[in-house]
Amino acid sequence: SLDNLPCLSSGLMLFVPFCILWCMLVATRAALFRYSPAFSSFSPCASCRTGRSNLHPLRSATPLFARASKAASTKKGKSLLSTEAKKMPSIAPEAAAQLEETAAGLRADVARQGDAVKKMKQAGAGNEELGPEIAKLKALKGDLAKAEEALEDLKPLYTKCRERLESLLKRRFFVAPAFEIYGGVAGLFDFGPPGCAMKAELEAYWRRHFVLNEGMLEFGGTCMTPEKVLEVSGHVERFTDLMVKDETNGECFRADKLLEEEIEKRIAKSSSDEEKKSLEKLALQADAMTAEEIHEKITEFKIKSPSSGTPLSFPFPFNLMFKTSIGPQGNMVGFLRPETAQGIFVNFRRLLDYNNGRMPFAAAQLGLGFRNEIAPRAGLLRVREFQMAEIEHFVHPEEKDHPKFEEIKHLCLPLFPRDRQLGDGKVVHDLSIGEAVEKKVIDNETLGYFLARTYLFLTGAGIQREGLRFRQHLESEMAHYAKDCWDAEIETSYGWVECVGHADRSAYDLSAHTDASNTELVAHRKYDEPQIIKYVQAKLEKKKIGPAFKQDAGEVTKALEELSNDEKLKAEESLAATGSWTVKLCTGKSYEIKREMASFKWAEKKETEEVFVPAVIEPSFGMGRIMYAIWEHTFRSRGKEDQEERCYLAFPPQLAPTKVSILPISGQAQFRPFVTELQAAMSAEGVSSLADASTATIGKRYARTDEIGVPFGVTIDFQTEKDRTVTLRERDSMEQVRMPMDDVAPVLAKICRGALTWEAVQQKYPKFDSQEA
């Protein structure tokens, strides 16, 4: 009717601008996607191969949350937010790679077109000729800007959340600089209540995953270590980083880190894919370079002191151990341990006896390590005191198969072998652990088994798969005795960070301590039947050796007796041909052996058991680094509500510092007995809880507990008084069920130990729509 005409016209006035805005958005999107094969066929089902939990970082941005935040105070708005958040697609690595390829092509096009315009200007071309070419250049730059913006948007949230995350961590006292009221000390941090609780939960999870599941022997050693032990292990001589010094103010910097930072800047500025690949390879090799090699690159790249801009000194080694004295007289030198492993090695005999002589076996230790870092930075990633968790798995040096290898051999880990690092720079995603061991990409089954177990541990702790890779050490990075080494690296806002090292250390450690202590750190294995063993026998003339070498005669005799069969045969060949041969001791001394002093020949002997020095395969975990990586990888945003961004930490229930919040719908006195009863029930089940009966709305109290990663919230409302039922809310989906109060604590205990899922709870109990007080 005509009476409705004013309403219709006003509706059209609102609708037409909306349509125009919608068309502009579609046109912009189409313009970008025209240049992106990665997105032209983009769909959730086509690209969600790896599956990213909850919110995808970039699609979090404006449209969804702008709309959701306006409606956040209504039931409909909350439902929309949680439903659409779960529908957000994750971006497959292939799609991101295609978009990067498109952007690289556009960068090259911009460079070529820019060069063509510059040459035309130099040749004196007129405006008529230049105009179309300049317009083409501008269009290409616009397309490139859109492609790079899309690439930036595709980056995971954990690579760009540092400022917001660190604000949250400090504000809610997860962590803070140590001695802050006195200005703090670089590289030292204190953990607040939630940080302490999470550290304890992470350590407990590590114990369950490794020590209990693998039947390991847990050990606890001292932090103070005598100098002799660390001399034998090589730490006194070789536990160093290369340092450079500012020539004007004396400030010190770690040389390889300065080089890596300069390389990152050059990669960001470079428009050449070939140059980028070359720089990326150089970055991988930086921490394995010699002083001369680093100095050459510092000179080539014209790297100056970050503090003063003046030249830097030639790189020189700095020992990273904290030195001290033991006892009041101060005549015994000691160090704060740089690793926990040496305590296990020197107690090998006792551990083997405790295990009734059975091989193989593993010992594990959680404890503090100390490193006097040259320039601590990057928050918790490079500190001077840190929690470590190390495993020493002792095996026969010739038999490194693992009895549980069949359980994990099908897993495909993101492997970054050395040939790929020096080749195309791509991570391998489709090679199973079984195939990697069979093809000798990974040296042996036991090493492969621990790589897989570490992968399961990290992903179970909240690390996203696309931000995890296992990088094999380059030949130049490995110690001479190492067989194979792999680092579990996690991508953070600081780049890729080594968090777990895996090394096949051969029999080096036990052999070194055996030689230095005159204590046999060996294992025995009985043969089913006596064996006739062929060996090269050393016939030594001690009456000749003694006068020739005097006080060193004992060392020379021992060295000759401990030669391998091959070494003895080579010695005999030299003695027969020239009448002399030189033996080198582990101390570096050399002695010339004459024909009349020694001879070597094949012989046989009957043995009932084999005596061998076990090899060691060592996974070593930096717990502080892992915890920081978990904080970044579990950081989420629900967008803005009331001009304030709602961020939260999506910790897995087993790692959450507090498992459940108990929230009465209001602060009225009749709810207090229910709060007390629930807290007691939670404590009895070993479930940590916190109660919040403040006057804030229930939504704001949910937000406060979400922020610190509390996975569940129990709400006591007026219905509770009638039938003793409460609501249970899950943090990530924000969905709720109604259940009997007596069921809550046992259900949460099962969820937190992995025996029950939230989906199973939703199937058992009725869904509940939220209400306000």
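Just so it is clear, the structure is predicted and the values come from calculations on it, not from any experiment.

Quick look at the overall build of the protein now. A tally of regular secondary structure across the protein gives 30 helices and 28 strands. The buried share of the protein, taken over its 773 residues, is 47%. Pairs at least 24 residues apart make up 69% of the contacts formed inside the protein by residues separated by at least 6 positions. For the protein, the accessible surface area stands at approximately 39500 Å², while carbon and sulfur atoms represent 53% of it.

Side-chain pairs of opposite charge can arise where the charged atoms are in close proximity. Tallied over the entire structure, the rule returns 41 salt bridges. Residue Asp 487 is joined to Arg 471 by a salt bridge in which the shortest nitrogen-to-oxygen separation is 4.0 Å. Within this pair, whereas Asp 487 is found in strand E14 (residues 484–492), its partner Arg 471 is found in strand E13 (residues 468–472), the two being separated by 16 residues in sequence. Across the pair, exposure class does not vary: Asp 487 and Arg 471 are buried alike. In the salt-bridge network here, residues are joined through shared partners; they are Asp 241, Arg 254, Asp 256, Glu 373 and Arg 382.

Attention now goes to the sheet that holds strand E27 (residues 736–740). A sheet is described by the order of its strands in space; here six strands give the open sequence E24-E23-E25-E26-E27-E28, paired in mixed fashion. Only two strands of the sheet have a single neighbouring strand rather than two, namely strand E24 (689–691) and strand E28 (767–768). Alignment of E27 against E28, held across two bridges, turns out to be antiparallel. Each bridged residue has a counterpart across the sheet, and for Val 737 the counterpart in E28 is Lys 767. In the packing of helix H27 (residues 698–707) onto the sheet, contacts are made with strand E23 (660–664), E24, strand E25 (712–716), strand E26 (725–730) and E27, and the angle to E23 comes to roughly 165°.

A few words now on a nonpolar patch on the surface. Among the surface-exposed residues, Phe 179, Ile 181, Tyr 182 and Val 185 lie close enough to one another that they form a single nonpolar patch of about 540 Å² accessible area. Considering the arrangement of structural elements, one finds Tyr 182 in the loop between strand E1 (175–177) and strand E2 (189–191). Exposure remark for Tyr 182: the relative accessible area of 75% places this residue in the exposed category.

Turning next to the pairing of E26. The buried count for E26 comes to six of six residues, which makes it a mostly enclosed element. Neither face of E26 is open: one carries Thr 725, Thr 727 and Arg 729, the other Val 726, Leu 728 and Glu 730, and all of them are buried. Of the pairings in the sheet, the one linking E25 to E26 comprises four bridges and is antiparallel in character. By the bridge assignment, Gly 713 is partnered in E26 with Arg 729. As defined by bridge partners, E26 adjoins E27 across five bridges and the pair is classed as antiparallel. Bridge pairing in E27 links Leu 728 to Val 737. Between E26 and E27, which follow one another and run antiparallel, lie five residues, and Met 734 among them has a positive phi close to 60°.

Another aspect to go through is the environment of Val 714. Take Val 714: it is sitting in strand E25. With a relative accessible area of 0%, Val 714 lands in the buried category. Between the alpha carbons of Val 714 and Ala 691 there is a distance of 9.4 Å; along the sequence they are 23 residues apart.

A few words on the environment of Ser 233. Looking at the element boundaries, Ser 233 is found in helix H10 (residues 227–233). When its relative accessible area of 8% is taken as the criterion, Ser 233 is described as buried. Placed 280 residues apart in sequence, Ser 233 and His 513 show a C-alpha to C-alpha distance of 7.6 Å. At 3.1 Å, the side chain of Ser 233 and the backbone oxygen of Leu 230 are in polar contact.

Quick look at the sheet that holds strand E8 (residues 323–326) now. Here we have three strands laid out as an open sheet, ordered E4-E9-E8, and antiparallel in their pairing. The two strands at the open ends of the sheet, each matched to only one other strand, are strand E4 (224–226) and E8. Sheet twist, expressed as the average angle between the axes of neighbouring strands with direction ignored, equals 45°. The pairing of E8 with strand E9 (residues 332–336) spans four bridges and is antiparallel.

Let us look at the nonpolar core. With 67 residues, the main nonpolar core has Trp 206, Phe 621, Ile 626 and Trp 631 as its most contacted residues. Ignoring any residue separated from it by four or fewer positions in sequence, one finds Phe 621 in contact with Trp 206, Phe 210, Gln 387, Met 388, Ala 389, Ile 391, Thr 454, Phe 457, Cys 499, Val 500 and Ile 626. Formed by 29 residues, the second largest nonpolar core is a distinct cluster that contains Leu 663, Val 675, Met 682 and Met 741.

Scanning the entire structure with this criterion turns up 19 aromatic pairs. Taken together, the aromatic side chains of Phe 174, Tyr 494, Tyr 628, Trp 631 and Phe 651 make up a single cluster linked through ring pairs. Against the face of Phe 210 rests Arg 453, its NZ or CZ located 6.0 Å from the ring centre. If you follow Lys 605 out to its NZ or CZ, it ends over the ring of Tyr 535, 4.6 Å from the centre.

On to helix H8 (residues 162–171), then. Burial in H8 covers these residues: Leu 165, Leu 168 and Leu 169. Seen end-on, H8 carries its buried residues on one side only, within an arc spanning 95°. For H8, the exposed residues set more than 90 degrees away from the buried face come down to Glu 163 and Lys 170. As for H8, its buried residues are in contact with E1, helix H25 (623–633), strand E21 (635–641), strand E22 (644–649) and H27. Directly after H8, the chain includes Phe 173, whose backbone phi takes a positive value near 55°.

Let's shift gears to H25. In terms of residue burial, H25 counts as a mostly covered element, since ten of its eleven residues are buried. Met 623, Gly 624, Ile 626, Met 627, Tyr 628, Ala 629, Ile 630, Trp 631, Glu 632 and His 633 are the residues of H25 that are buried.

Remark: helix H9 (residues 193–214) packs on H25, axes separated minimally by 11 Å, with the N-to-C direction vectors making an angle of 110°. Relative to H25, H9 is oriented roughly perpendicular. In this structure, H9 crosses over H25, and the sense of that crossing is right-handed. Residue-level inspection shows Gly 195, Met 198, Lys 199, Leu 202, Glu 203 and Trp 206 of H9 in contact with H25, the latter providing Met 623, Ile 626, Met 627, Ile 630 and Trp 631. By residue class, the composition of the contact of H9 with H25 is eight nonpolar, one polar and two charged.

Now for the confidence of the model for the protein. Averaged over every residue, the pLDDT of the protein is 85; residues scoring 70 or more account for 87%. Ignoring residues within four places in sequence, the model shows residues 1–18, a span with pLDDT below 50, making one contact including any to other chains. Long-range and interchain partners of residues 20–90, a stretch whose pLDDT sits below 50, account for 92 contacts in this model, where long-range means more than four residues apart.

The next thing to look at is the side chain of Arg 729. Tracing the sequence through the fold places Arg 729 in strand E26. One polar contact links Arg 729 to Asp 706, side chain to side chain, over a distance of 2.9 Å. What Arg 729 contacts, discounting residues up to four positions off in sequence, is Arg 638, Tyr 702, Asp 706, Pro 711, Phe 712, Gly 713, Met 734, Glu 735 and Gln 736.

Within the fold, Thr 454 resides in helix H20 (residues 445–460). Given the relative accessible area of 0%, Thr 454 is considered buried. Apart from the residues within four sequence positions on either side, Thr 454 is in contact with Phe 210, Phe 470, Ala 488, Val 500, His 502 and Phe 621.

Conventions and cut-offs
Residues numbered from 1 in each chain as written. Predicted model: local features only at pLDDT ≥ 70, side-chain atom pairs only at ≥ 80, totals over all residues. Heavy atoms only, no water. Helix = DSSP H or I, 4+ residues; strand = E, 2+ residues; numbered from the N terminus. Buried < 20%, exposed > 50% of the residue type's maximum accessible area, 1.4 Å probe, protein only. Contact = heavy atoms within 4.5 Å. Areas by Shrake-Rupley, 256 points an atom, 1.4 Å probe, with all protein chains shown as cover. Salt bridge = Lys/Arg side-chain N within 4 Å of Asp/Glu carboxyl O. Pairing = 2+ DSSP bridges. Axes fitted to C-alpha atoms, helices over the stretch in contact; angles between N-to-C directions. Patch = residues over 30% accessible without salt bridge, like charges linked within 9 Å, V, L, I, M, F, W, Y side chains within 5 Å. Polar contact = N/O pair within 3.5 Å; in protein donor to acceptor, adjacent residues only side chain to side chain. Core = buried A, V, L, I, M, F, W, Y, C linked by side-chain atoms within 4.5 Å. Phe/Tyr/Trp six-rings, centres within 6.5 Å; stacked < 30°, edge-to-face > 60°. Lys NZ or Arg CZ within 6 Å of the ring centre and 35° of its normal. Arc of directions from axis to C-beta. Parallel < 35°, antiparallel > 145°, perpendicular 65-115°, else oblique. Left-handed = near helix turned anticlockwise from the far one by under 90°. Nonpolar A, V, L, I, M, F, W, Y, C, P; charged D, E, K, R; others polar. pLDDT = per-residue confidence, 0-100.

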